[in-house]
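Overview (structure and organization)
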Amino acid sequence: MMNKNSTDEANQPDRGRREFLMKIALGVAGVSAIAASVPVLASFFAPLLERPPGLWRPVAGLEGFEVGATRLVSFENAEPEAWAGTTARTAAWLRRDAAESFTAFSANCTHLGCPVRWESEAHLFMCPCHGGAYYPDGSVAAGPPPKPLVRYSVRVNNGNIEIRTSPLPITTIGE
């Protein structure tokens, strides 16, 4: 008959092997979990590290654009996707202040992103969704918009008016 000590000695190699296999399994599971979390973490942090693209887009020619006139112009979005089609185009309000001086504003209200329109008789940009109004310089005149209209940089290049595009800023409610 075997005594208790001889039984423990016989199981010792099994215990060591079980512990070794358990450590290997936990190590493989840990490496798998880390590998699976990399894309998830990258999707959270990549937007914080990326610099938004800013491209100069031609929107109009100098000829026929009178000083003091404000026009709606359209151009390709800063971040167009291949599948976007016509939604890759966005708009801005462009005003000619002087012979070589222009001002451009986003065509979207800073409240909830509704399209604003220029009312030339009132000299105001009006948002039809919630009654927001903006002065000709883009500052808030009335209503719920929390900030002035977003401005685009404008330049004249070889007789063409160009706007420096940027991704549309997102405004959250209560901001």
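Structural notes, computed from the coordinates. Computed from a prediction, not measured in an experiment: that's the story for all the values here.

With that settled, consider the overall build of the protein chain. Within the protein chain one finds 1 helix and 10 strands. When the helices and strands of the protein chain are read in sequence order from the N terminus, they spell out α-β-β-β-β-β-β-β-β-β-β. Per-residue burial over the protein chain gives 26% buried out of 175 residues. Of all intrachain contacts in the protein chain linking residues separated by at least 6 positions in sequence, the fraction that spans at least 24 positions is 48%. Here the protein chain has roughly 11,600 Å² of accessible surface; of this, 59% comes from carbon and sulfur atoms.

A separate point is the sheet that holds strand β8 (residues 140-142). The pairing of strands in a sheet happens through backbone hydrogen bonds and is either parallel or antiparallel. Ordered by their spatial adjacency, 4 strands build an open sheet running β5-β6-β7-β8, and the pairing between neighbours is antiparallel. With one partner strand each, in any of the chains shown, β5 (117-119) and β8 form the two edges of the open sheet. Where β5 lies against strand β6 (residues 124-126), 3 bridges are found, and the strand directions are antiparallel. Across the sheet, the residue bridging to Glu119 is Leu124, located in β6.

By the bridge criterion, 7 bridges tie strand β2 (residues 70-76) to strand β3 (residues 89-98) in an arrangement that is antiparallel. Bridge assignment links Thr70 to a residue of β3, and that residue is Arg95. As judged from the 6 bridges shared by β3 and strand β4 (residues 101-106), these two strands associate in the antiparallel manner. When the sheet's bridge partners are listed, Ala92 is paired in β4 with Ser106. Count of turn residues in the β3/β4 antiparallel hairpin: 2 residues.

On to the sheet that holds strand β9 (residues 151-157). Spatially, 6 strands are ordered β1-β10-β9-β4-β3-β2 in an open sheet, and the strand pairing comes out antiparallel. Whereas interior strands pair on both sides, the edge strands pair on one side only; in this sheet they are β1 (56-61) and β2. Neighbouring strand axes in the sheet, compared pairwise and without regard to direction, differ in orientation by 35 degrees on average. As defined by bridge partners, β4 adjoins β9 across 2 bridges and the pair is classed as antiparallel. Within β9, the residue paired with Ala104 across the bridge is Tyr152.

What follows is about the packing of aromatic side chains. Within the structure shown, the criterion is met by 5 aromatic pairs. A centroid spacing of 5.6 Å and a plane angle of 85 degrees characterise the contact between Phe65 and Phe102, whose relative ring orientation is edge-to-face. With Phe65 in the loop between β1 and β2 and Phe102 in strand β4, this pair connects stretches of sequence that are 37 residues apart. Exposure class is identical for Phe65 and Phe102. Each is buried. Measuring from ring centre to ring centre gives 5.7 Å for Phe75 and Tyr152, while their planes differ by 90 degrees; the resulting arrangement is edge-to-face.

The subject of this paragraph is the pattern of salt bridges. Scanning the model with the defined rule gives 3 salt bridges in all. Residues Glu162 and Arg155 are paired through a salt bridge, measuring 2.7 Å at the closest nitrogen-oxygen approach. The exposure class assigned to Glu162 is buried, which follows from its relative accessible area of 9%.

Residues Val59, Leu94, Ile161 and Ile163 are the most contacted members of the largest nonpolar core, which totals 13 residues. Elements supplying a minimum of two residues to this core: β1, β2, β3, β4 and β10 (160-164). Apart from the residues lying within four places of it in its own chain, the contact partners of Ile163 are Leu55, Trp56, Arg57, Val59, Val73, Phe75, Ala92, Ala104, Tyr152, Ser153 and Val154. Core analysis: the second largest hydrophobic core is formed by 12 residues, Trp93, Cys114, Val116 and Phe125 among them.

Calculation rules
Residues numbered from 1 in each chain as written. Predicted model: local features only at pLDDT ≥ 70, side-chain atom pairs only at ≥ 80, totals over all residues. Heavy atoms only, no water. Helix = DSSP H or I, 4+ residues; strand = E, 2+ residues; numbered from the N terminus. Buried < 20%, exposed > 50% of the residue type's maximum accessible area, 1.4 Å probe, protein only. Contact = heavy atoms within 4.5 Å. Areas by Shrake-Rupley, 256 points an atom, 1.4 Å probe, with all protein chains shown as cover. Pairing = 2+ DSSP bridges. Axes fitted to C-alpha atoms, helices over the stretch in contact; angles between N-to-C directions. Phe/Tyr/Trp six-rings, centres within 6.5 Å; stacked < 30°, edge-to-face > 60°. Salt bridge = Lys/Arg side-chain N within 4 Å of Asp/Glu carboxyl O. Core = buried A, V, L, I, M, F, W, Y, C linked by side-chain atoms within 4.5 Å.

The quantities given are spatial measurements derived from coordinates; they are silent on function.
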